[in-house]
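# Coordinates in review
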Amino acid sequence: MKATSITHEQLEATRQAGDFKLVAVAGSGKTTTLIEYAASRPVLSSGRSPRILYLAFNRTVRLEAQARFARRGLTNVTVHTAHSLAYSYVIVRQRYVLSAGGDYSIQDIAVQLGFTQRTMLAGCMMASHVKKLFSYFCNSKAVTVEQLDYLAIIDPADAKSRRFARQNKEKIYRYAQQLYTQMDTNKLPCTHDFYLKKFQFVAPPLPYDYILFDEGQDASETMLEVFMQQPATKLIVGDPHQQIYGFRHAVNSLDKFDAPTLYLSQSFRFGDEVAQLANYVLGWKSSFDTGQLTTIKGVGKHQPPVAPIHATIGRTNVAVLAKAIDMLCIEEQIGSLYFEGRFETYTYMDSGGSLMDIYYLYQDRLDRVRSPLIKTMGHVGELKHYVDQTGEASMRLALEIVETYQDALPEYIEQIRQAHVDDSMRHVADQIFSTVHRCKGMEYDGVTLCDDFIEKKGVSEKLADKQNPANLQALHEEINMLYVALTRSRQQVRIPDTLRASFSFDRAALAPIPAENRTQQRSESALTGQGETASGQVTKLRATV
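Residues numbered from 1 in each chain as written. Predicted model: local features only at pLDDT ≥ 70, side-chain atom pairs only at ≥ 80, totals over all residues. Heavy atoms only, no water.

## Here we look at the domain arrangement of the chain
Taken domain by domain, the chain comprises domain 1 (8-92 + 198-264) and domain 2 (106-189). Summarising the inter-unit geometry, the C-alpha centres of domain 1 and domain 2 are found 32 Å apart. In this complex, domain 1 contributes 9 residues to the contact, which on the side of domain 2 involves 13 residues. Summing both sides of the interface, domain 1 and domain 2 together bury roughly 860 Å²; the carbon and sulfur share of this comes to 47%. Interface area lost by domain 1 to domain 2 is led by Phe201, Glu221 and His249, which between them contribute 57%. (Domains from an automatic or database assignment. Contact = heavy atoms within 4.5 Å. Buried area = accessible area lost by both parts, 1.4 Å probe.)

What follows is the structure in structure tokens.
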């Protein structure tokens, strides 16, 4: 790549010496910057090229990065995810055995803890908490389970789950430690979480001169511990406003890494219209966070595509599935669709079991239930009790879908399966559906937001509630999810009615559009809330709608 094809900010980053961190806004060309940074590293005094490790966020990013570094001719760069690196040291070199699928179901853990079929439902409640604490430990920097405060990761709104955890604290901690010890002594095949934690304890010196840590805002604290101990020159890149994996115990490593900070503030993905929306949403944080906000500059210029790709994005599976059912099955607006990350992942729950298992339990058709966990429940009342005691959010949301659509649900699910296109045809689907987490790193020509994102009013209400003080980190992530969703768009963002009041800019900045003038203004306005004409064609509305 020629130096003239990168920005001044990118060029400054490629010339940086020593440790530093790079705050890169959505669509700012961070991978290009990292590639050029790697390409510009000087030959060492020994005469060899420096060995460089690039740590990618997930397998998809890893494969894409490998291809891009290879195209640039950088054979001295090794690309890993945190897990693939840990696997090579722990599973391969120390000969641990990985469990089937790399994880255990709730019922598997209950059996391992000694619960019998007669006590299985109670055992699964206990196992759910044990699994969460085990995961928390494996993704933390703690040396022992006892160093952690398990209650800190249980939603304050889940009062019954918190009471269960308090009443059974000694057992939960003991069982979680027992689970780790059994894996550590090879008495039980290990999980992905285990070998990442073991990698922290092994703490090997890595044979690299430079380590580039991508998506640092959602880092495993375990991997961060290994990273910080390395003598190599270190670079962390990320965007604190894209931190959305706190529920997996991820931490913002940019805050924990003491080094000079550089910025990539220009987005090539979208223009000024989407940038204004993004800056406006991030500005909501100013009411509770005095930290510096990076102003995003939208410099993307796109011609209208011949076959635009549109996506509907929501916070939760429930909102995304509901929108797909509305558009495909009820309103018949689309004939084909695609779910990012495979449709099946939207119908299966974290604790095991599927949407249809809960449907059959709800219908008292227990003979059709396949999930071993849900088979332990005799009726939907026991399911609700289990959800209350464990705080299993995915199961609660699945039950919400079942209660909403009831008898029509199986037909709707089958219609979605029939209309779902293969991966190779994703680009021709009438609509792509995704949660925020599954479309991280993706981009589309247009984005429709589901109505389950936080509103500006909701931020104010949480901050004003003195009875239940707001969890500021959770509030950060709620705003971040909205920011990530709308910045997946290259050109257009459709804002649902429930959010429109949140996008009324200050009058001094942008005058609101009177309701009677909206139709006239649609074709000529520059900003990005969208409406539909009578014929269903998408047109632009100003961001004030």
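## Some points on the pairing of strand β14 (residues 444-449)
Counting buried residues in β14 gives 6 out of 6 residues, a clear majority hidden from the surface. Relative to strand β15 (residues 489-494), β14 runs parallel, the two being bridged by 4 bridges. Counterpart to Thr448 in the pairing with β15 is Arg494. (Buried < 20%, exposed > 50% of the residue type's maximum accessible area, 1.4 Å probe, protein only. Helix = DSSP H or I, 4+ residues; strand = E, 2+ residues; numbered from the N terminus. Pairing = 2+ DSSP bridges.)

## Remarks on the sheet that holds strand β13 (residues 431-435)
Taken in spatial order, the 5 strands line up as β12-β13-β11-β14-β15 in an open sheet, and their pairing is parallel. Looking along the sheet, the strands with just one partner apiece sit at the ends: β12 (337-339) and β15. Averaged over all adjacent pairs, the angle separating strand axes in this sheet is 25 degrees, with direction ignored. Across the face of the sheet, helix α21 (residues 472-486) comes into contact with β11 (310-314), β14 and β15 while running at roughly 140 degrees to β14. (Axes fitted to C-alpha atoms, helices over the stretch in contact; angles between N-to-C directions.)

## Some remarks on the sheet that holds strand β1 (residues 20-24)
Overall, parallel pairing links the 6 strands, which are arranged β3-β2-β4-β6-β1-β8 in an open sheet. Looking at strand neighbours, the two that pair on one side only are β3 (77-81) and β8 (261-264), the edges of this open sheet. For this sheet, the mean angle separating the axes of adjacent strands, direction not counted, is 20 degrees. As defined by bridge partners, strand β4 (residues 210-213) adjoins strand β6 (residues 233-238) across 4 bridges and the pair is classed as parallel. In the sheet register, Leu212 faces β6, and the bridge partner there is Leu235. Across the sheet, helix α2 (residues 30-39) lies against β1, β2 (52-56), β3, β4, β6 and β8, angled at about 165 degrees from β6, the strand it touches most. The strands touched by helix α3 (residues 59-71) are β2 and β3; relative to β3, the strand with the most contacts, the crossing angle is about 170 degrees.

## Quick notes on the UniProt feature "binding site: ATP" (unreviewed entry) in the chain
Here the UniProt-annotated "binding site: ATP" (unreviewed entry) positions come out as Ala24, Val25, Ala26, Gly27, Ser28, Gly29, Lys30 and Thr31. Residues contacting Ala26, with those up to four places away along its chain left out, are Asp239, Gln242, Ser267, Arg269, Phe270, Tyr483, Thr487 and Arg488. Positionally, Thr31 belongs in helix α2. (UniProt positions renumbered as here; feature names shortened; annotations may be inferred.)

## Quick notes on the side chain of Arg269
Residue position: Arg269 is located in the loop between β9 (266-267) and α12 (272-282). At a separation of 3.1 Å, a polar atom in the side chain of Arg269 contacts the side chain of Glu443. Sequence-distant contacts of Arg269, that is, excluding residues within four places in its chain, are made with Ala26, Gly27, His302, Met442, Glu443, Thr487, Arg488, Ser489 and Arg490. (Polar contact = N/O pair within 3.5 Å; in protein donor to acceptor, adjacent residues only side chain to side chain.)

## A look at the pattern of salt bridges
Considering all chains together, one arrives at 20 salt bridges under this definition. Taking the shortest distance from any N to any O, the salt bridge between Glu461 and Lys457 comes out at 3.9 Å. Pair noted here: Glu461 and Lys457 are both in helix α20 (residues 456-464), with a separation of 4 residues, about one helical turn. Of the residues examined, Lys457 reaches a relative accessible area of 55% and is grouped as exposed. (Salt bridge = Lys/Arg side-chain N within 4 Å of Asp/Glu carboxyl O.)

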